[in-house]
Amino acid sequence: KNEVEQSPQNLTAQEGEFITINCSYSVGISALHWLQQHPGGGIVSLFMLSSGKKKHGRLIATINIQEKHSSLHITASHPRDSAVYICAAKGPNTGNQFYFGTGTSLTVIP
Amino acid sequence: NAGVMQNPRHLVRRRGQEARLRCSPMKGHSHVYWYRQLPEEGLKFMVYLQKENIIDESGMPKERFSAEFPKEGPSILRIQQVVRGDSAAYFCASSAFGTVENQPQHFGDGTRLSIL
(Lines give C-alpha, C1' and ligand atoms only; values in the text may rest on other atoms or scores of the structure.)
Protein backbone atom coordinates (compact mmCIF):
# COMPACT_ATOMS: atom_id res chain seq x y z
CA LYS A 1 0.00 0.00 0.00
CA ASN A 2 1.31 3.44 -0.92
CA GLU A 3 1.76 6.00 1.79
CA VAL A 4 -0.08 8.50 -0.41
CA GLU A 5 -3.19 7.65 -2.41
CA GLN A 6 -4.86 9.93 -4.92
CA SER A 7 -8.28 9.82 -6.51
CA PRO A 8 -9.43 9.79 -9.14
CA GLN A 9 -6.58 8.49 -11.30
CA ASN A 10 -8.06 10.06 -14.39
CA LEU A 11 -10.53 12.89 -14.69
CA THR A 12 -12.18 14.48 -17.70
CA ALA A 13 -14.15 17.68 -17.29
CA GLN A 14 -15.90 20.24 -19.46
CA GLU A 15 -14.44 23.71 -19.51
CA GLY A 16 -15.89 25.77 -16.68
CA GLU A 17 -16.55 22.85 -14.34
CA PHE A 18 -15.48 22.80 -10.70
CA ILE A 19 -12.88 20.09 -10.16
CA THR A 20 -11.81 18.27 -7.01
CA ILE A 21 -8.81 15.99 -6.67
CA ASN A 22 -8.36 14.04 -3.46
CA CYS A 23 -5.29 12.89 -1.58
CA SER A 24 -5.19 10.57 1.43
CA TYR A 25 -2.02 9.72 3.29
CA SER A 26 -1.06 7.29 5.99
CA VAL A 27 2.06 8.98 7.37
CA GLY A 28 1.85 11.53 10.15
CA ILE A 29 2.19 14.80 8.33
CA SER A 30 4.23 17.93 8.76
CA ALA A 31 3.73 19.24 5.22
CA LEU A 32 1.82 18.39 2.08
CA HIS A 33 2.80 19.50 -1.39
CA TRP A 34 0.58 19.81 -4.47
CA LEU A 35 2.47 19.70 -7.75
CA GLN A 36 1.47 20.09 -11.40
CA GLN A 37 3.18 18.19 -14.21
CA HIS A 38 2.44 18.91 -17.85
CA PRO A 39 2.93 16.13 -20.44
CA GLY A 40 6.62 15.76 -21.22
CA GLY A 41 7.29 18.77 -19.10
CA GLY A 42 8.63 19.74 -15.79
CA ILE A 43 7.02 19.94 -12.40
CA VAL A 44 5.61 23.09 -10.88
CA SER A 45 4.94 23.52 -7.20
CA LEU A 46 1.39 24.76 -6.61
CA PHE A 47 1.00 24.70 -2.85
CA MET A 48 2.72 23.59 0.27
CA LEU A 49 0.53 23.48 3.34
CA SER A 50 0.47 21.97 6.78
CA SER A 51 -2.98 23.08 7.94
CA GLY A 52 -6.14 24.82 6.82
CA LYS A 53 -6.54 26.20 3.35
CA LYS A 54 -4.57 28.08 0.71
CA LYS A 55 -5.83 29.86 -2.41
CA HIS A 56 -3.99 31.01 -5.48
CA GLY A 57 -6.06 32.30 -8.37
CA ARG A 58 -8.53 29.58 -9.37
CA LEU A 59 -6.75 26.94 -7.28
CA ILE A 60 -7.65 26.10 -3.70
CA ALA A 61 -5.95 23.51 -1.50
CA THR A 62 -7.34 22.28 1.79
CA ILE A 63 -6.04 19.86 4.35
CA ASN A 64 -7.70 18.03 7.23
CA ILE A 65 -4.97 16.80 9.56
CA GLN A 66 -7.28 14.64 11.69
CA GLU A 67 -8.67 12.80 8.67
CA LYS A 68 -5.27 12.69 6.89
CA HIS A 69 -6.84 14.08 3.75
CA SER A 70 -6.20 16.94 1.38
CA SER A 71 -8.10 18.24 -1.62
CA LEU A 72 -7.13 20.36 -4.57
CA HIS A 73 -9.96 22.32 -6.16
CA ILE A 74 -9.95 24.10 -9.49
CA THR A 75 -12.73 26.59 -10.10
CA ALA A 76 -13.86 27.58 -13.62
CA SER A 77 -11.59 24.95 -15.18
CA HIS A 78 -9.86 25.70 -18.47
CA PRO A 79 -8.17 23.45 -21.07
CA ARG A 80 -4.80 24.85 -20.00
CA ASP A 81 -5.40 23.22 -16.61
CA SER A 82 -4.98 19.84 -18.31
CA ALA A 83 -2.03 18.19 -16.57
CA VAL A 84 -1.14 15.58 -13.98
CA TYR A 85 -1.62 16.76 -10.40
CA ILE A 86 0.57 15.13 -7.79
CA CYS A 87 0.21 15.10 -4.05
CA ALA A 88 3.32 14.63 -1.90
CA ALA A 89 3.39 14.19 1.87
CA LYS A 90 6.16 14.68 4.35
CA GLY A 91 5.93 13.71 7.96
CA PRO A 92 8.06 14.33 11.00
CA ASN A 93 9.06 10.69 10.85
CA THR A 94 9.75 10.40 7.15
CA GLY A 95 13.16 11.96 7.33
CA ASN A 96 13.93 14.04 4.29
CA GLN A 97 11.57 12.18 2.04
CA PHE A 98 8.41 13.31 0.41
CA TYR A 99 6.12 10.41 -0.45
CA PHE A 100 4.39 10.98 -3.75
CA GLY A 101 1.02 9.87 -5.03
CA THR A 102 0.88 8.46 -8.55
CA GLY A 103 -0.96 11.52 -9.76
CA THR A 104 -4.35 12.46 -11.16
CA SER A 105 -4.44 13.02 -14.90
CA LEU A 106 -6.85 15.86 -15.66
CA THR A 107 -8.18 16.66 -19.12
CA VAL A 108 -10.38 19.70 -19.55
CA ILE A 109 -12.36 19.70 -22.78
CA PRO A 110 -13.26 23.00 -24.44
CA ASN B 1 15.70 32.81 -15.31
CA ALA B 2 16.91 31.78 -11.90
CA GLY B 3 14.97 28.50 -11.78
CA VAL B 4 16.35 25.01 -11.29
CA MET B 5 18.29 24.06 -14.40
CA GLN B 6 18.76 20.48 -15.44
CA ASN B 7 20.75 19.23 -18.38
CA PRO B 8 20.59 17.51 -20.63
CA ARG B 9 16.81 17.42 -21.16
CA HIS B 10 17.15 14.12 -23.01
CA LEU B 11 19.95 11.62 -22.75
CA VAL B 12 20.34 8.40 -24.70
CA ARG B 13 22.84 5.79 -23.62
CA ARG B 14 23.61 2.21 -24.59
CA ARG B 15 23.65 -0.52 -21.99
CA GLY B 16 26.90 -0.50 -20.06
CA GLN B 17 27.67 3.19 -20.63
CA GLU B 18 27.71 5.88 -17.98
CA ALA B 19 25.08 8.58 -17.61
CA ARG B 20 25.76 11.94 -15.96
CA LEU B 21 22.85 14.18 -15.11
CA ARG B 22 23.42 17.75 -13.97
CA CYS B 23 21.38 20.04 -11.80
CA SER B 24 22.01 23.68 -10.98
CA PRO B 25 19.78 24.77 -8.09
CA MET B 26 17.97 28.06 -7.89
CA LYS B 27 20.16 30.99 -6.97
CA GLY B 28 20.62 31.08 -3.24
CA HIS B 29 19.53 27.47 -2.72
CA SER B 30 21.99 25.11 -1.11
CA HIS B 31 19.77 22.03 -0.74
CA VAL B 32 19.31 19.66 -3.66
CA TYR B 33 17.06 16.62 -4.04
CA TRP B 34 17.00 14.01 -6.79
CA TYR B 35 13.87 12.05 -7.69
CA ARG B 36 13.20 9.34 -10.25
CA GLN B 37 9.97 8.82 -12.12
CA LEU B 38 9.74 5.44 -13.78
CA PRO B 39 7.27 5.05 -16.67
CA GLU B 40 3.68 4.88 -15.39
CA GLU B 41 4.86 5.31 -11.79
CA GLY B 42 5.02 8.13 -9.30
CA LEU B 43 8.06 10.09 -8.23
CA LYS B 44 10.43 8.38 -5.82
CA PHE B 45 12.97 10.10 -3.62
CA MET B 46 16.58 9.18 -4.32
CA VAL B 47 18.98 11.46 -2.47
CA TYR B 48 19.22 14.75 -0.59
CA LEU B 49 22.42 16.78 -0.66
CA GLN B 50 23.80 20.00 0.68
CA LYS B 51 26.99 21.55 -0.57
CA GLU B 52 29.75 18.91 -0.32
CA ASN B 53 27.58 16.62 1.83
CA ILE B 54 25.19 13.77 1.23
CA ILE B 55 22.50 14.15 3.87
CA ASP B 56 20.17 11.29 2.99
CA GLU B 57 20.73 8.68 0.29
CA SER B 58 18.17 6.19 1.54
CA GLY B 59 16.40 6.15 -1.83
CA MET B 60 19.47 5.47 -3.94
CA PRO B 61 20.03 2.01 -5.41
CA LYS B 62 22.96 0.41 -3.62
CA GLU B 63 25.04 -0.11 -6.74
CA ARG B 64 25.95 1.92 -9.82
CA PHE B 65 24.31 5.15 -8.61
CA SER B 66 26.13 8.04 -6.97
CA ALA B 67 25.49 11.72 -6.40
CA GLU B 68 27.56 14.72 -5.49
CA PHE B 69 27.08 18.42 -4.93
CA PRO B 70 30.52 20.04 -4.96
CA LYS B 71 31.40 23.38 -3.47
CA GLU B 72 31.50 24.86 -6.97
CA GLY B 73 29.33 23.76 -9.86
CA PRO B 74 26.16 21.77 -10.30
CA SER B 75 24.98 18.67 -8.52
CA ILE B 76 25.70 15.50 -10.51
CA LEU B 77 23.75 12.26 -10.50
CA ARG B 78 25.93 9.54 -11.97
CA ILE B 79 24.75 6.16 -13.17
CA GLN B 80 27.44 3.67 -14.11
CA GLN B 81 26.94 0.69 -16.40
CA VAL B 82 23.39 1.65 -17.24
CA VAL B 83 20.73 -0.98 -17.81
CA ARG B 84 17.33 -0.80 -19.53
CA GLY B 85 15.58 -0.46 -16.18
CA ASP B 86 17.34 2.86 -15.58
CA SER B 87 15.21 4.46 -18.30
CA ALA B 88 13.19 7.09 -16.49
CA ALA B 89 12.74 10.79 -15.93
CA TYR B 90 15.10 12.15 -13.30
CA PHE B 91 14.03 15.32 -11.55
CA CYS B 92 16.07 17.61 -9.41
CA ALA B 93 14.59 20.03 -6.88
CA SER B 94 16.15 22.65 -4.67
CA SER B 95 15.20 24.60 -1.59
CA ALA B 96 16.69 27.44 0.38
CA PHE B 97 16.46 25.55 3.63
CA GLY B 98 16.25 21.89 4.52
CA THR B 99 13.17 19.76 4.74
CA VAL B 100 13.08 20.14 8.50
CA GLU B 101 11.88 23.68 7.95
CA ASN B 102 9.18 22.48 5.51
CA GLN B 103 10.30 24.79 2.78
CA PRO B 104 8.77 24.24 -0.67
CA GLN B 105 10.95 22.56 -3.23
CA HIS B 106 11.39 24.02 -6.69
CA PHE B 107 11.68 21.49 -9.48
CA GLY B 108 13.64 21.43 -12.68
CA ASP B 109 12.23 20.23 -16.00
CA GLY B 110 13.86 16.84 -15.61
CA THR B 111 16.22 14.70 -17.68
CA ARG B 112 14.65 11.92 -19.71
CA LEU B 113 17.10 9.05 -19.80
CA SER B 114 16.62 6.36 -22.44
CA ILE B 115 18.73 3.23 -22.49
CA LEU B 116 19.05 1.40 -25.80
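Just so we're clear, the structure is a prediction, and the values are computed from it rather than from any experiment.

**Student:** Is there a simple way to explain the sheet that holds strand S3 (residues 19-25) of chain A in this structure?
**Tutor:** Hydrogen bonding along the main chain pairs the strands of a sheet, whether they run parallel or antiparallel. All names here are of chain A. Pairing is antiparallel across the open sheet formed by five strands, whose spatial order is S1-S3-S8-S7-S6. Where the open sheet ends on each side, the last strands, each with one partner, are strand S1 (4-7) and strand S6 (52-56). If you compare each strand with its neighbour and ignore which way they point, the axes differ by 15° on average.

**Student:** Help me out: how do you make sense of the pairing of strand S11 (residues 111-115) of chain B in this one?
**Tutor:** On a regular strand, one side chain projects to one face of the sheet and the next to the other, so that they alternate. All names here are of chain B. Burial within S11 is extensive, with four of its five residues counted as buried. As judged from the four bridges shared by strand S2 (residues 10-13) and S11, these two strands associate in the parallel manner. Residue pairing across strands places histidine 10 opposite arginine 112, the latter belonging to S11. As paired elements, strand S9 (residues 88-95) and S11 share three bridges and run antiparallel to each other. Along S11, the bridge assignment pairs alanine 89 with arginine 112.

**Student:** Would you take a moment to explain the sheet that holds strand S8 (residues 75-79) of chain B for this structure?
**Tutor:** All names here are of chain B. Spatially, four strands are ordered S1-S3-S8-S7 in an open sheet, and the strand pairing comes out antiparallel. A single partner strand is all that each edge strand has here, and the edge strands are strand S1 (5-7) and strand S7 (65-68). Neighbour-to-neighbour, the strand axes of this sheet turn through a mean angle of 15°, independent of strand direction. Of the strand pairs in this sheet, S1 and strand S3 (residues 19-24) are connected by three bridges, and their pairing is antiparallel. Residue pairing across strands places glutamine 6 opposite cysteine 23, the latter belonging to S3.

**Student:** Is there a simple way to explain the nonpolar core in this structure?
**Tutor:** Soluble globular proteins: nonpolar side chains tend toward being buried together. One finds Leu32(A), Trp34(A), Phe47(A), Leu72(A) and Tyr85(A) to be the most contacted residues of the largest nonpolar core, which totals 24 residues. Of all the elements in the fold, those that place two or more residues in this core are S3, strand S4 (31-37), strand S5 (43-49), strand S7 (59-64), strand S8 (69-74), strand S9 (83-90) and strand S11 (104-109) of chain A. When neighbours within four sequence positions are excluded, Phe47(A) is seen to be in contact with Leu32(A), His33(A), Trp34(A), Lys54(A), Lys55(A), His56(A), Leu59(A), Ile60(A), Ala61(A) and Leu72(A). Residues Leu11(B), Val32(B), Leu77(B) and Tyr90(B) belong to the second largest nonpolar core, which totals 22 residues.

**Student:** Honestly, the packing of aromatic side chains in this entry has me stumped. Any pointers?
**Tutor:** Two numbers describe a pair of aromatic rings. These are the distance of the centres and the angle of the planes. Applying the stated rule across the entire model yields four aromatic pairs over all chains. Ring centres 4.7 Å apart and planes at 10° place the aromatic pair Tyr33(B) and Tyr48(B) in the stacked group. Linking Tyr33(B) in strand S4 (residues 31-37) with Tyr48(B) in strand S5 (residues 43-50), this pair joins segments that are 15 residues apart in sequence. Across this residue pair, the class does not change: Tyr33(B) and Tyr48(B) are buried. Relative to Phe45(B), the ring of Tyr35(B) lies with its centre 6.1 Å away and its plane at 70°, an arrangement referred to as edge-to-face. Within this pair, whereas Tyr35(B) is found in strand S4, its partner Phe45(B) is found in strand S5, the two being separated by ten residues in sequence. A connected cluster of aromatic rings, assembled from ring pairs, spans Phe100(A), Tyr35(B), Phe45(B) and Phe107(B).

**Student:** Even after reading the chapter, I still don't get the state of the cysteines, so can you show me in this structure?
**Tutor:** Note: disulfide means a covalent bond formed between the sulfur atoms of two cysteine side chains. All names here are of chain A. Counting across every chain of the model gives two disulfides over all chains. The disulfide bridge from cysteine 23 ends at cysteine 87, spanning 1.9 Å between sulfur atoms. Taking the torsion about the S-S bond as the criterion, the cysteine 23 to cysteine 87 disulfide, at about -55°, is left-handed. Linking cysteine 23 in strand S3 with cysteine 87 in strand S9, this pair joins segments that are 64 residues apart in sequence. Since its relative accessible area comes to 0%, cysteine 23 is described here as buried. Residue cysteine 87 is classed as buried on the basis of its relative accessible area, which comes to 0%.

**Student:** Teacher, can you tell me more about the pattern of salt bridges here?
**Tutor:** When their charged atoms lie close together, side chains carrying opposite charge are able to pair. Under the criterion given, the structure shown has five salt bridges over all chains. Between Asp81(A) and Arg58(A) there is a salt bridge, and its shortest N-O distance comes to 2.9 Å. Taken together, the positions of Asp81(A) in the loop between S8 and S9 and Arg58(A) in the loop between S6 and S7 put the pair 23 residues apart, joining distant regions of the chain. Under the relative-accessibility criterion, Asp81(A) is labelled buried at 7%. The class of Arg58(A) is partly exposed, set by a relative accessible area of 26%. Between Arg20(B) and Glu18(B) there is a salt bridge, with the nearest N and O atoms lying 2.8 Å from each other. Residues joined in a network through salt bridges with shared partners are Glu18(B), Arg20(B) and Arg78(B).

Rules used throughout
- Residues numbered from 1 in each chain as written.
- Chains lettered and ligands numbered in written order.
- Predicted model: local features only at pLDDT ≥ 70, side-chain atom pairs only at ≥ 80, totals over all residues.
- Heavy atoms only, no water.
- Pairing = 2+ DSSP bridges.
- Helix = DSSP H or I, 4+ residues; strand = E, 2+ residues; numbered from the N terminus.
- Axes fitted to C-alpha atoms, helices over the stretch in contact; angles between N-to-C directions.
- Buried < 20%, exposed > 50% of the residue type's maximum accessible area, 1.4 Å probe, protein only.
- Core = buried A, V, L, I, M, F, W, Y, C linked by side-chain atoms within 4.5 Å.
- Contact = heavy atoms within 4.5 Å.
- Phe/Tyr/Trp six-rings, centres within 6.5 Å; stacked < 30°, edge-to-face > 60°.
- Disulfide = S-S within 2.5 Å.
- Salt bridge = Lys/Arg side-chain N within 4 Å of Asp/Glu carboxyl O.

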